[in-house]
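Examining the three-dimensional arrangement
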Amino acid sequence: MPRPRGCRWWTAVALGALLGAARSAMAASDAVDAEPVFMQERLPLLTWIVCIAGATAFFVWRSRRGKPPTIRRIAALEAVDEAIGRATEMGRPVLFIPGIQDMDNIQTVAGITMLGRVARTVAEYDAVVEVPTSRSLVMEAAREAVQASCLAAGRPDAYQPDRINYISDEQFAYTAWVGGAMTREKPAACFYMGCFFAESLIFAETGNAIGAIQIAGTAESSQLPFFVAACDYTLIGEEFFAASAYLSGEPDLLGTLQAQDAGKLAVMTMVVAGAVTATLALVLAWKDGEPWPVLQDASALLQRAMGFQGASSD
Amino acid sequence: MLLQRTIPLWIAIAAGFLMLASSFLRPTQGLGEDFANAFSVIAAIAFVLGAGSLLKANLAKVSRRDAGWGFAVVTLAAFLITLTVGLFKVGVHPSPEFPTAPFSGSQQAADTPFGWLYEYVMVPLTSTMFALLAFFVASAAFRAFRAKNAAAVLLLVTAFIMLLGRTFAGVVLTGWLPDWASGLRLENLSVFVMQVFNTAGNRAIIIGIALGVAATSLRILLGVDRSWMGGGGRG
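The following refers to the structure shown. (Residues numbered from 1 in each chain as written. Chains lettered and ligands numbered in written order. Predicted model: local features only at pLDDT ≥ 70, side-chain atom pairs only at ≥ 80, totals over all residues. Heavy atoms only, no water.)

**As for the nonpolar core**
Residues and elements named next belong to chain A. What counts, and what does not: The definition of a nonpolar core used throughout is a set of buried Ala, Val, Leu, Ile, Met, Phe, Trp, Tyr and Cys residues joined through side-chain atoms within 4.5 Å. Relative accessibility decides the category of a residue: with a 1.4 Å probe and only protein chains considered, values under 20% of the type maximum give buried, values over 50% give exposed, and everything between is partly exposed. Numbering of helices and strands runs from the N terminus, with a helix taken as a DSSP run of H or I at least four residues long and a strand as a DSSP run of E at least two residues long. We call two residues in contact whenever any of their non-hydrogen atoms come within 4.5 Å of each other.
Residues F96, F191 and I215 are the most contacted members of the largest nonpolar core, which totals 58 residues. With 9 residues, the single largest contributor to this core is helix α4 (residues 106–125). In this structure, F96 is in contact with G111, M114, L115, V118, V129, E130, V131, P132, F191 and M193, ignoring residues within four places of it in sequence.

Here's what the structure looks like:
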């Protein structure tokens, strides 16, 4: 079995980070003064993380015991096979853009995960996927993901590393290259999955002009309207992070989606409770001329639990 | 398998938990910056691979006379010229602190060939690409604002309120409204739309994104999802 090329990079990145961590911890231990070790003001955030981690572990365990959750249909993900099938029939490539940020951005990691799923289908359909990247590390990660997907699809010969290239770290130089390549090669399906900024609309409008099926996913809320306006399907926010688990269909990963939903339910409950208590406190204060401390305290407590630092009962 | 997947996975998990700890424990507070520095060093080394890939892909395109091979020649020429000028500090003036050392100045100064390339080639090209956005916004808006159904009509009306409310046209058109109806003035309506509807929708999306980020990070930290290392699912 050929050795995945990017592994040595992952090892190097992680080793470098660990060495830095050890050095920093040793230096910091000498400088610790009277301040408490734990940052009390971040307790609500830690509580949230522990709760979500606990819910994740619980739902993964539940899924493994044969109770996988039912996931609602996500149109954008249902269309992935259709888009790749169209590209195969037309004899044109599939274009996948994993954003313009590096591997330290969680959106890029989610994009590369999604690339693995897309590349597997591409290999099964005997199509071609082009992945221009704007960071060298992303190129290595993308190559590794595509190679592993081709192997998983039983088509190791389908892996073409020359189709996964580094273009430029410069935002608009990368945009110009991708726009030119789209106009010349006319990919039949375009995937934009990752972190995007001003270039999002340039990509999406160029793709629209060449008649490609376009599926986008990003967590940059300022770019979502552009993708929604110009693409056929858009994964909005959390859907983008759920995409990999959704497409895999594996019980473990689907269990984590249920934990995500449980977190959302908790947030919604707290938002409603906070709004009701804050409103009641205001209304009653207006009516009687005095604030109602119990409600004000409840509202402030909920705000603190949500992580608002400046919340107080005053 | 041990070297390719297991060890990198455990190193990544350990590094992830250390980063998490650095957000809550004071003695480990500086870890975040150290991790970022380590990442920058590795990324800089990886840049050599990127440059190699760029050269290889463009040289292959030129030799095969693929569509647009002329652009590949321009790319290669621009890359090599910029690399040479920057790396060898061509035309750089000595630093005032070390006037006898010819390479002591910075190549990023405005009066150097490297600075000239940036100021008179890079900046105009970048601005040109950015300026294209205006036309793309117009074409996307034209498509998006067609009144095809009730939702599209709502979008169109909201867009008009925003466009007019954020210009003097809004003041001219609805400035005559009396004070008791000032909430209906376009400039006030646009503020209301931004502060209420837009903020509510945006916060809902942002909360969803935050939970998605947390769930994805935990999937990776707990080793449930290993597809980021290549392959599907748990690999």
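Picking up where we left off.
**Observations regarding the pattern of salt bridges**
Side chains that differ in sign of charge can pair as their charged atoms come close. Spelled out, the test is: The working definition used for a salt bridge is a side-chain nitrogen of Lys or Arg within 4 Å of a carboxyl oxygen of Asp or Glu.
Applying the stated criterion to the full structure yields 14 salt bridges over all chains. For R135 of chain A, the salt bridge goes to D169 of chain A, with nearest N and O atoms at 3.4 Å. Of this pair, R135 of chain A sits in the loop between β2 (129–133) and α5 (136–152) while D169 of chain A sits in the loop between β3 (164–166) and α6 (171–185); the two residues are 34 residues apart in sequence, bridging distant segments of the chain. Two residues, R185 of chain B and D179 of chain B, come together in a salt bridge whose shortest N-O distance is 3.5 Å. We classify D179 of chain B as exposed; its relative accessible area is 64%. In the salt-bridge network here, residues are joined through shared partners; they are D126, R155 and D157 of chain A.

**A few points about the packing of aromatic side chains**
Quick reminder of the rule: Only the six-membered ring of Trp is used, alongside the rings of Phe and Tyr, when aromatic pairs are assigned; centres must lie within 6.5 Å, and planes under 30 degrees apart are stacked while those over 60 apart are edge-to-face, with the rest tilted.
One pass over the structure, following the stated rule, counts 14 aromatic pairs over all chains. A ring pair is formed by F96 of chain A and F191 of chain A, whose centres lie 6.1 Å apart and whose planes are at 25°; its orientation type is stacked. Of this pair, F96 of chain A sits in strand β1 (residues 94–97) while F191 of chain A sits in strand β4 (residues 189–193), and the two are 95 residues apart along the sequence. Residue F191 of chain A is classed as buried on the basis of its relative accessible area of 0%. The interplanar angle of 45° and the centroid separation of 5.7 Å between the aromatic rings of W116 of chain B and Y120 of chain B together place this pair among those described as tilted. A residue pair is termed a helical-turn pair when its members lie 3 or 4 positions apart in one helix, as W116 of chain B and Y120 of chain B do in helix α4 (residues 113–144) at 4 residues. Under the relative-accessibility criterion, W116 of chain B is labelled partly exposed at 48%.

**Quick look at the environment of I213 of chain A**
Residue and element names in this part refer to chain A. Structurally, I213 can be placed in strand β5 (residues 213–218). Assessed through its relative accessible area of 12%, I213 is described here as buried. When the C-alpha positions of I213 and Y233 are compared, they lie 8.5 Å apart, and in sequence the two are 20 residues distant. Dropping the residues within four chain positions of it, I213 is found in contact with E82, A83, R86, A188, A189, C190 and D232.

**Considerations on empty space enclosed by the protein**
Residues and elements named next belong to chain A. For clarity, the cut-off: Buried and open spaces are told apart on a 1 Å grid over the protein atoms alone, a cavity being a set of points where a 1.4 Å probe fits but cannot get out and a pocket being an open set with protein on both sides within 12 Å along at least five of seven lines. Residues with an atom within 4 Å of a point are the lining residues. Grid points are joined across faces, edges and corners, and a volume is the space filled by probe spheres set on the points. Gly is placed with the polar residues, together with every amino acid not listed as nonpolar (Ala, Val, Leu, Ile, Met, Phe, Trp, Tyr, Cys and Pro) or charged (Asp, Glu, Lys and Arg).
This model, assessed by the stated rule, comprises 4 cavities of 30 Å³ or more. Taken as a whole, the largest cavity holds about 100 Å³ of empty space. Along the walls of the largest cavity sit 13 residues, with V122, V129, V146, A158 and Q160 positioned nearest its centre. Broken down by secondary-structure element, the contributors of at least two residues to the lining of the largest cavity are α4 and α5. Top element by residues in the lining of the largest cavity is α4. It accounts for 3 residues. Looking at the lining of the largest cavity residue by residue, the class counts come to 11 nonpolar, 1 polar and 1 charged. When its volume is computed, the second largest cavity comes out at roughly 70 Å³. Sorting the residues of the lining of the second largest cavity by element identifies β1, β2 and α6 as the ones contributing at least two each. Counting residues per element, the lining of the second largest cavity draws most heavily on α6, at 4 residues. For the lining of the second largest cavity, a count of residues per class yields 8 nonpolar, no polar and 2 charged.

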